[in-house]
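# Structural description and commentary
What follows is each chain in one-letter form.
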Amino acid sequence: MVVGVHRPTRLVIDRAALRHNIHAEVERLDKNCELFMVVKANGYGHGAIQVAQAAKDAGATGFCVAILDEALELRAAGFNDPILILGVTSPADAPLMAAEDISATVAATDWLADAQAYLALEKDLTAPLHVHLALDTGMGRIGFRTVPELTTAIEYVDAHQESLDFEGIFTHFSTADSPDEHYFKQQVAKWHELTDHLPRRPRYVHVSNSATSLWHAECNDNMVRFGVSGYGLNPSGTAIKPPYALQPAMSLTSELVFTKQIAAGDSVGYGATYTAQQAEWVGTVPIGYADGYERRLQGFHVLVDGHACEIIGRVCMDQIMVRLPHDYSRGTTVTLVGQDHGAEITLQDVATYCETIHYEIACGFTSRLPRRYLN
Ligand SMILES: *Cc1c(COP(=O)(O)O)cnc(C)c1O
């Protein structure tokens, strides 16, 4: 999709906010604990490269991504730091990961055997493939679930040290963002059951996403995979207060491109779902569901001059209509996410209205929206 640079609609990313959040977390960590910034999905929609640079500036020493292409994007941009792919990559790409010094997540011994077969074909492999063994302690997504399975995997890696390197072991908690700690404690117990008798500790031992690091820092071990809170968002939504003030890095602004007054009985938008009860001013804003501004946002509001203005009629693919308190001139700023004259709309507000989580809203903004960087 083309980037809409000739349209006044843009995501604005405040790098100072990214650095503030990441630095605040780095400061809280034990001295031997590193922060890897999670920049998957284009840095949760904020721009992977820009976020990676801000994270490094704030003290991050590595990165996590979801898929190999995201790791390659960082390498192509010149980042030489450790990068861990959190998802399962094809074993056929093991030589590429080894060549690019990108660490792979491993969830099964047969994957190791397949990867080993591909690595063995490489005549000039200069370094082994670094692997992090994933443990399933209750997330039910990927990973080893028993001590015998895990032992077999470690033995396999150690028997093939010319091509495989046991660099890390980790798990992922599914309820660290919940005030109810019952299931979290069960997962921690399972983690200990699986790892307390490891034949040896690898370089990186890690269990913490943002929520775990914020609220269960005693679990951290020597690396945290810091994601959503780096972007200034509370992983619990509103359920638990973070230990320091998070500054949201993303805002979304546009402009009124057209205004008019309509009369009582006039309708607005596809399906004529909105009909004015009296004369009112209506502004049109050039953003729609093709930008990731969801169709479900009909009835929500935007900010114009500090006023909350209702989105009337259906959200179109490329435009929305909002009810204005009075006429405003074309070119007036419209804030869809962020602060305006003391009023604020957060990504959490948008997510709550859409009955989802802010993660989905942030990474759902499409590439048609230009990202502009401050600070
Ligand atoms: C996405 C992800 C993270 C980061 O989670 P946040 O809630 O954004 O901090 C950490 N670990 C794994 C395995 C992930 O998939």
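The model shown is predicted, which means the values in this text are computed figures rather than measured ones. (Residues numbered from 1 in each chain as written. Predicted model: local features only at pLDDT ≥ 70, side-chain atom pairs only at ≥ 80, totals over all residues. Heavy atoms only, no water.)

## Considering the sheet that holds strand E5 (residues 104-106)
In space, the eight strands of this open sheet follow the order E4-E3-E2-E9-E8-E7-E6-E5, with parallel pairing throughout. The sheet is open, and its two borders are formed by strand E4 (83-85) and E5, each paired with just one other strand. Direction aside, neighbouring strands of the sheet carry axes that sit 30° apart on average. Where helix H4 (residues 68-76) meets the sheet, it contacts strand E3 (62-65) and E4, and its direction lies at approximately 165° from that of E4. (Pairing = 2+ DSSP bridges. Helix = DSSP H or I, 4+ residues; strand = E, 2+ residues; numbered from the N terminus. Axes fitted to C-alpha atoms, helices over the stretch in contact; angles between N-to-C directions. Contact = heavy atoms within 4.5 Å.)

## Concerning the site of the ligand
Taken together, Val 38, Lys 40, Tyr 44, Leu 86, Arg 141, His 172, Asn 209, Ser 210, Arg 225, Gly 227, Val 228 and Tyr 359 form the complete shell of residues around the ligand. One of the side-chain nitrogen or oxygen atoms of Tyr 359 is found 2.6 Å away from an oxygen atom of the ligand. For the ligand, whose accessible area on its own is 390 Å², the fraction buried by protein is 92%. Considered class by class, the residues forming the shell around the ligand number five nonpolar, four polar and three charged. (Near = heavy atom within 4 Å. Polar contact = N/O pair within 3.5 Å; in protein donor to acceptor, adjacent residues only side chain to side chain. Areas by Shrake-Rupley, 256 points an atom, 1.4 Å probe, with all protein chains shown as cover. Nonpolar A, V, L, I, M, F, W, Y, C, P; charged D, E, K, R; others polar.)

## Considerations on the packing of aromatic side chains
Inspection of every chain in the model, using the stated rule, returns six aromatic pairs. Here the aromatic rings of Phe 63 and Phe 79 are separated by 5.5 Å at their centres, their planes lie at 80°, and the arrangement is edge-to-face. Of the two residues, Phe 63 is situated in strand E3 and Phe 79 in the loop between H4 and E4; the sequence distance between them amounts to 16 residues. Phe 63 sits in the buried class, given a relative accessible area of 0%. For Phe 79, a relative accessible area of 6% corresponds to the buried category. Within the aromatic cluster, the residues linked to one another by ring pairs are Tyr 44, Tyr 231 and Tyr 359. Across the ring face of Tyr 204, the terminal group of Arg 203 is positioned such that the distance to the ring centre comes to 4.3 Å. (Phe/Tyr/Trp six-rings, centres within 6.5 Å; stacked < 30°, edge-to-face > 60°. Buried < 20%, exposed > 50% of the residue type's maximum accessible area, 1.4 Å probe, protein only. Lys NZ or Arg CZ within 6 Å of the ring centre and 35° of its normal.)

## Section: unusual backbone geometry
For Tyr 44, which is not a glycine, the phi torsion comes out positive at approximately 50°. Here Tyr 44 shows up in helix H2 (residues 40-44). Of note, Glu 355 is a non-glycine position whose phi angle comes to about 55°, a positive value. Note that Glu 355 resides in the loop between helix H10 (347-353) and helix H11 (358-364).

## So, the nonpolar core
Counting 110 residues, the largest nonpolar core has Met 37, Leu 129, Leu 133, Tyr 293, Val 302 and Ile 320 as its most contacted members. Residue-level mapping places this core at the junction of two domains, with at least three residues from each of domain 1 (32-231) and domain 2 (250-374). Contacts of Ile 320, omitting those with residues within four sequence positions, involve Gly 283, Thr 284, Val 285, Ile 287, Tyr 293, Val 302, Ile 311, Val 315 and Leu 336. Counting residues in each nonpolar core, the second largest holds eight residues, with Ile 262, Tyr 274, Val 282 and Met 321 among its members. (Core = buried A, V, L, I, M, F, W, Y, C linked by side-chain atoms within 4.5 Å. Domains from an automatic or database assignment.)

## Here's the deal with the UniProt feature "domain: Alanine racemase C-terminal" (unreviewed entry) in the protein
With numbering matched to this structure, UniProt assigns "domain: Alanine racemase C-terminal" (unreviewed entry) to residues 249-374. Overall, residues 249-374 shows 11% helix and 40% strand. The separation of its end C-alpha atoms is 10 Å. (UniProt positions renumbered as here; feature names shortened; annotations may be inferred.)

## A closer look at the pattern of salt bridges
Across all of its chains, the model carries 13 salt bridges by this definition. In this structure, Arg 145 and Asp 136 form a salt bridge, with 2.7 Å as the shortest nitrogen-oxygen distance. Taking relative accessible area as the criterion, Arg 145 reaches 49% and is therefore assigned partly exposed. When its relative accessible area of 6% is taken as the criterion, Asp 136 is described as buried. Notably, a salt bridge pairs Glu 181 with Lys 185, separated by 3.8 Å at the nearest N-O pair. Under the relative-accessibility criterion, Glu 181 is labelled partly exposed at 34%. Three or more residues are tied together by salt bridges with common partners; here these are Arg 7, Asp 291, Asp 318 and Arg 368. (Salt bridge = Lys/Arg side-chain N within 4 Å of Asp/Glu carboxyl O.)

## Some details on the UniProt feature "binding site: substrate" (unreviewed entry) in the protein
Per the UniProt record, "binding site: substrate" (unreviewed entry) is annotated on Arg 141 and Met 317. A maximum C-alpha distance of 34.2 Å is found for the annotated residues, which run over 177 residues; spatially they are spread out rather than grouped. Tracing the chain through its elements places Arg 141 in the loop between strand E6 (129-135) and helix H7 (147-159). Given the relative accessible area of 57%, Arg 141 is considered exposed.

## Some remarks on the packing of helix H1 (residues 15-28) against helix H3 (residues 48-57)
Where H1 meets H3, the closest approach of the two axes is 8 Å, and the angle between their N-to-C directions is 45°. It follows from the interaxial angle that H1 and H3 lie oblique. Crossing of H1 over H3 shows right-handed handedness. Of the residues in H3, those touching H1 at Arg 15, Leu 18, Arg 19 and Ile 22 are Gln 50, Val 51, Ala 54, Ala 55 and Asp 57. Across the contact of H1 with H3, the residue classes break down as five nonpolar, one polar and three charged. (Parallel < 35°, antiparallel > 145°, perpendicular 65-115°, else oblique. Left-handed = near helix turned anticlockwise from the far one by under 90°.)

## Some points on the domain arrangement of the protein
Structurally, the protein comprises domain 1 (32-231) and domain 2 (250-374). Here domain 1 and domain 2 have C-alpha centroids that lie 39 Å from each other. In this complex, domain 1 contributes eight residues to the contact, which on the side of domain 2 involves seven residues. Summed over both partners, the interface of domain 1 with domain 2 comes to about 690 Å²; 65% of that surface belongs to carbon and sulfur atoms. Taken together, the connections running from domain 1 to domain 2 amount to zero salt bridges. At the surface where domain 1 touches domain 2, the tally comes to two residue pairs in polar contact (both at pLDDT 80 or more). By residue number, the principal contributor to the side of domain 1 that touches domain 2 is H2, which donates three residues. (Buried area = accessible area lost by both parts, 1.4 Å probe.)

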